[in-house]
Each structure stands twice: as C-alpha cells, then as structure tokens.
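Commentary on secondary and tertiary structure
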Amino acid sequence: MPDFTTFSSLLRITAKYEMPTVRSQMLEVVRDAYPETFEGLGPSKPLGESVFSGPAPHPNEVLNLFVQQKLTSALPMAYYMATRRGLYSLMDRRLPRNATLSPRILQSAIGGLVALREVEFNEAHRLTFGPKGSHPCSASKCLSRAPTGPAALAAYQMVFDRIVGSSRFGTKVLEVPEFYEDQGGELQCIGGGGICSSCVGRWESGHAELRKKVWGMLPNAFGLKD
Ligand SMILES: [Zn+2]
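Residues numbered from 1 in each chain as written. Predicted model: local features only at pLDDT ≥ 70, side-chain atom pairs only at ≥ 80, totals over all residues. Heavy atoms only, no water.

Details of the layout of surface pockets
Which entries qualify depends on this criterion: A 1.4 Å probe that fits but cannot get out identifies a cavity on a 1 Å grid over protein atoms alone, an open set with protein on both sides within 12 Å along at least five of seven lines counts as a pocket, and a residue lines either if it has an atom within 4 Å of a point. Grid points are joined across faces, edges and corners, and a volume is the space filled by probe spheres set on the points. Only runs of H or I of at least four residues qualify as helices and only runs of E of at least two qualify as strands under DSSP, and these elements are numbered from the N terminus. Here the nonpolar group is Ala, Val, Leu, Ile, Met, Phe, Trp, Tyr, Cys and Pro; Asp, Glu, Lys and Arg are the charged ones; every other residue, Gly included, is treated as polar. What counts as a domain boundary in this text is fixed by an automatic or database domain assignment.
By volume, the largest pocket is sized at about 360 Å³. Pro43, Lys45, Leu47, Leu174 and Glu175 are, among the 17 residues lining the largest pocket, the residues nearest its centre. Counting residues per element, the ones that place at least two in the lining of the largest pocket are α4 (75-83) and α8 (197-221). Considering every element that reaches the lining of the largest pocket, the biggest residue donor is α4, with 3 residues. Partitioning the lining of the largest pocket into residue classes produces 10 nonpolar, 2 polar and 5 charged. A domain split of the lining of the largest pocket shows at least three residues from each of domain 1 (4-101) and domain 2 (119-220). As a volume, the second largest pocket reaches approximately 240 Å³. As for the second largest pocket, its lining consists of Phe4, Ser8, Arg12, Glu61, Asn64, Leu65, Gln68, Arg97, Asn98 and Thr100. Of all the elements in the fold, those that place two or more residues in the lining of the second largest pocket are α1 (4-16) and α3 (59-68).

Here is the structure:
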C-alpha cells in the first residue's frame with residue numbers, strides 16, 4: 001500500500017483520466033482494508049487507515065476522499081473508523097481542510113455514533129450481566145455462580161469496562177476485547193481470575209456475535225441506505 005497522499009492523488013487521477021484498470025486495482029486494495037462485510041474477517045486483521053504506509057492519515061480525511069470518490073462499498077467502514085474516535089475527533093476544528101467534515105457527513109457520522117453506542121452498551125450489559133442462556137456455568141468455584149456477590153460484581157464490572165469502558169466518547173464495538181490477563185505466567189480472566197474459562201468463552205463468542213451484528217448495522221446507522 002502506498003502512503004495516503006500518493007494513494008489519494010492516484011485515485012483522483014484514475015477517475016479524471018478514465019483509467020479503469022489501474023483504478024480497479026486500487027479499489028481492490030481499498031476493499032481489503034475497508035471490507036464491506038464481516039464474512040471471512042480474522043480478529044487480528046489490520047483495517048482502516050493503518051494499512052497505508054508512512055504516517056497514518058486522519059480517518060476523517062479518508063472518509064472525505066471515499067465520499068468524494070463515491071467508493072460506496074468502503075463507506076460503512078470508513079465512517080466507522082472516523083466515528084470510533086468520538087465527537088471531538090469528528091468535529092476537531094484544528095484539522096486541515098481535507099480532514100474537516102461537511103455538515104452532511106458530520107450529521108451521518110454522529111447519528112451512527114449514537115446508534116452504535118446504544119447497541120454497544122445494551123449488548124455489553126446483556127452479555128456480562130444477562131441470563132446465561134444455553135451455556136450455564138458448571139464450574140463449582142466460578143464467581144458467576146453467585147453473581148450478586150461483591151467479588152463477582154467487581155469481576156463483572158471489569159469485564160464490562162473492558163468491552164465498552166475505554167471507548168469513552170467514541171465506540172470500540174468492532175474491536176475484539178481482551179478478557180484475559182497474565183497472572184504470574186498464567187492466563188486468567190480479568191478481575192481477579194475468579195471467573196471460569198467457560199464463562200469467558202461465552203463472553204468471547206457473544207462478543208463475536210455482537211461484532212457481526214454491528215457490522216451488518218453499519219450502512220443503516222450511517223444513513224447509507226435509501
Ligand atoms: Zn463460570
């Protein structure tokens with residue numbers, strides 16, 4: 001991948017001088033970094049502006065370019081990448097002109113942020129504190145057996161925080177949360193290690209479902225569907 005400045009000039013040139021072959025090669029690269037669907041995506045695949053070589057562009061700048069160049073299939077992801085940093089980043093007045101969002105794009109981005117935050121909070125709460133469904137815990141020492149005890153609540157709170165907490169004013173609903181921490185060479189669930197591995201497994205698969213659901217929501221959330 002070239003650096004973003006080269007990439008954006010090339011993209012504009014291929015549109016202006018009608019160079020469909022070169023352009024379709026470039027769009028291939030865009031599709032890989034800003035995929036349209038969740039299918040086949042590994043949890044560690046680098047996405048968004050980090051794929052450009054050189055200094056990563058501001059996600060607002062990428063979003064502006066993609067809107068201007070009508071890269072429709074890449075827009076949901078480009079909106080998400082700009083939105084996940086939150087309101088201050090979306091509306092930052094110190095940014096150069098090409099990273100400043102128009103009122104129309106800003107409105108779509110903020111609408112999407114609100115929708116994603118709502119799902120993120122609701123689903124994280126249901127995942128952490130909600131009913132255990134078809135996979136109840138079977139480990140006798142697991143804290144989740146007495147979920148209202150103070151130790152269990154403290155552990156649950158840490159898990160909840162790990163899913164939504166550090167997103168603050170943005171969202172990180174498409175990121176894979178880290179539920180484990182190293183405790184003297186042994187991997188244990190965050191929050192003191194009192195939660196058993198099958199409970200953590202339930203959270204992991206529940207969060208994978210959440211990411212899939214949110215991925216499907218993106219076009220609607222950002223007003224990209226008629
Ligand atoms: Zn358990």
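Anyway, onward from the coordinates.
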